[in-house]
Amino acid sequence: MATILMVVKTTGLAYDDRIRKECLTFIELGHFPTILVLSDDNDSRRGITDYGIPFIEVCLKTRNYLPDAKGLLVKTFEMYLKMIPHIKQIRPDVIWIHNIEMAGLVPIAMSYKKKRWIKKIIWDQHELIPNRLMKFPFKTVIKNLVKKCDAVIQANVERKDFFINIFRINPEKVEVLENFVDKIFLTLPPGSLPAKVSLWLDQKPYFLAQGGGDPGRYLSELVEAIIRLKKAKLIVVGPYEQVVVDVLKKQFNNEFDEWILLTGKVPQLELVNYIDNTIASVIFYQSSNRNSFLCAPNRLYQALARGVPVIVGCNPPMKHLVERLKNGVVLEDDGKDSTQVYKGLMELFNNYLLYAEQAKNNKHIFKWEKQSYVINELLHI
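Residues numbered from 1 in each chain as written. Predicted model: local features only at pLDDT ≥ 70, side-chain atom pairs only at ≥ 80, totals over all residues. Heavy atoms only, no water.

Peer 1: Explain the nonpolar core to me, please; I cannot follow it from the model alone.
Peer 2: Generally speaking, soluble globular proteins have nonpolar side chains that are buried together. Counting residues in hydrophobic clusters, the biggest one holds 56 residues, and the most contacted among them are Ile 35, Trp 96, Ile 235, Tyr 274 and Leu 300. For this core, the element with the most residues is helix α13 (residues 298–305), which contributes 5 residues. Discounting residues that sit within four places of it in the chain, Tyr 274 has contacts with Leu 193, Pro 194, Val 197, Tyr 206, Leu 208, Ile 235, Val 237, Thr 263 and Val 266. The next biggest cluster of nonpolar side chains, apart from the first, holds 39 residues, and it includes Tyr 80, Met 83, Ile 129 and Val 146. (Core = buried A, V, L, I, M, F, W, Y, C linked by side-chain atoms within 4.5 Å. Buried < 20%, exposed > 50% of the residue type's maximum accessible area, 1.4 Å probe, protein only. Helix = DSSP H or I, 4+ residues; strand = E, 2+ residues; numbered from the N terminus. Contact = heavy atoms within 4.5 Å.)

Peer 1: I would appreciate a short explanation of the pattern of salt bridges in the present structure.
Peer 2: Side chains that differ in sign of charge can pair as their charged atoms come close. Counting across every chain of the model gives 17 salt bridges. Residue Asp 41 pairs with Arg 45 through a salt bridge whose shortest N-O separation is 3.9 Å. Exposure remark for Arg 45: the relative accessible area of 35% places this residue in the partly exposed category. The partner of Glu 78 in a salt bridge is Lys 82, and the shortest N-O contact between them spans 3.1 Å. One end of the pair, Glu 78, and the other, Lys 82, are both in helix α2 (residues 72–90), 4 residues apart, so they sit about a helical turn from each other. The class for Glu 78 is buried, based on a relative accessible area of 12%. When its relative accessible area of 28% is taken as the criterion, Lys 82 is described as partly exposed. Residues joined in a network through salt bridges with shared partners are Asp 17, Arg 20, Lys 21 and Asp 182. (Salt bridge = Lys/Arg side-chain N within 4 Å of Asp/Glu carboxyl O.)

Peer 1: So what exactly am I meant to see when it comes to α13 here?
Peer 2: Within α13, 8 of the 8 residues are buried, which leaves it mostly tucked inside the rest of the structure. Of the residues one or two after α13, Gly 307 is the one with positive phi, at around 80°.

Peer 1: Which parts of the structure should I look at to understand the sheet that holds strand β3 (residues 45–48)?
Peer 2: Across a sheet, paired strands are connected by hydrogen bonds in the backbone, their directions being either parallel or antiparallel. Spatial strand order, β3-β4-β2-β1-β5-β6-β7-β8: 8 strands in an open sheet with mixed pairing. Only two strands of the sheet have a single partner each, and these edge strands are β3 and β8 (174–176). Here the strands of the sheet are splayed against their neighbours by 20° on average, with no regard to which way each runs. Where strand β2 (residues 32–39) meets strand β4 (residues 54–57), 3 bridges bridge the pair, whose relative direction is parallel. Residue pairing for β4: Val 37 is matched across the bridge by Glu 57. In the packing of helix α5 (residues 157–167) onto the sheet, contacts are made with β7 (151–154) and β8, and the angle to β8 comes to roughly 165°. (Pairing = 2+ DSSP bridges. Axes fitted to C-alpha atoms, helices over the stretch in contact; angles between N-to-C directions.)

Peer 1: Just checking my understanding: could you explain the pairing of β3 for this structure?
Peer 2: Across a regular strand the side chains alternate sides, sitting on one face of the sheet and then on the other. Both β3 and β4 contribute to a ladder of 4 bridges, which runs antiparallel. Bridge pairing links Ile 48 to Pro 54 in β4. Where β3 folds back onto β4 in an antiparallel hairpin, the turn is made up of 5 residues, including Gly 52, whose phi is positive at roughly 90°.

Written as structure tokens, this is what we have:
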């Protein structure tokens, strides 16, 4: 049995499904996790997550006078200063840090490891290292940080291969934990839409966009294709930029509110209400950067694990999976052309029963617990 400290910056623990799945797996394996987190709430507090894991949340004073995109180095430095005392106090057997934001804690963890306060350092990279950091001198720094870790985790095989080739890392040091769906999500009862959403649908079918209006998810192209199709509505779950929505409303006038509904952020376990009742989930990632080109989308597995077909762009991880299982439609591009999106919607709509049957036949594949042995090996001390 080991004590594990998860160190992460995230929108909010209620919306971070990977953290939830990993922590619950630690518990099932007999370990004791705690989460040290900086979230968008920017609050200083302690508590227990909805799934029963203790957490410590830190806040940054610099966020009060520096805009969101300004002073990132200063904010990062303050984040480290706020987190280091907690790490020193807890002295976990395993420190499990997440993404590039926490890279600066690797040397600190290494110094504690030399003092035998920490036994293992795991670096879980939900996202690939940004392109700007894959060049000298940052590339050398990151490679040296990786060498100090006991293991690095990537979210799919394509990312693992790319990471190993770029940084010339020993393949034995890199593991894969795919963003599959855990048994809690799988066994949730069939979801039901909120009454006001059902009223808005007026008995019409709908497509689901789980990526919200984040840049690079091609919301504008999807909206244009949906309104052109006029056979099914679109529900968009997740955060969005109001300025983008205002432009779309001006472009499409009353048709926008008739065909498009944006819900804002939805807690992970409530997504089944929208997934279970859609004819297909639409998942696009702009392929202009390596991270999104080799996407490892949790939202893809959430839909497929509930037996719902998908429409995806040509990004290799999604393309290879959907073409192999025939449980959805793959576009010729990544979603940037509304005409291609329209063709994909039409193909799914006209052949829905075929894709739905394939999705239901293959939904058992995407189970997180199949990877428990990987986590068990990582935590072996």
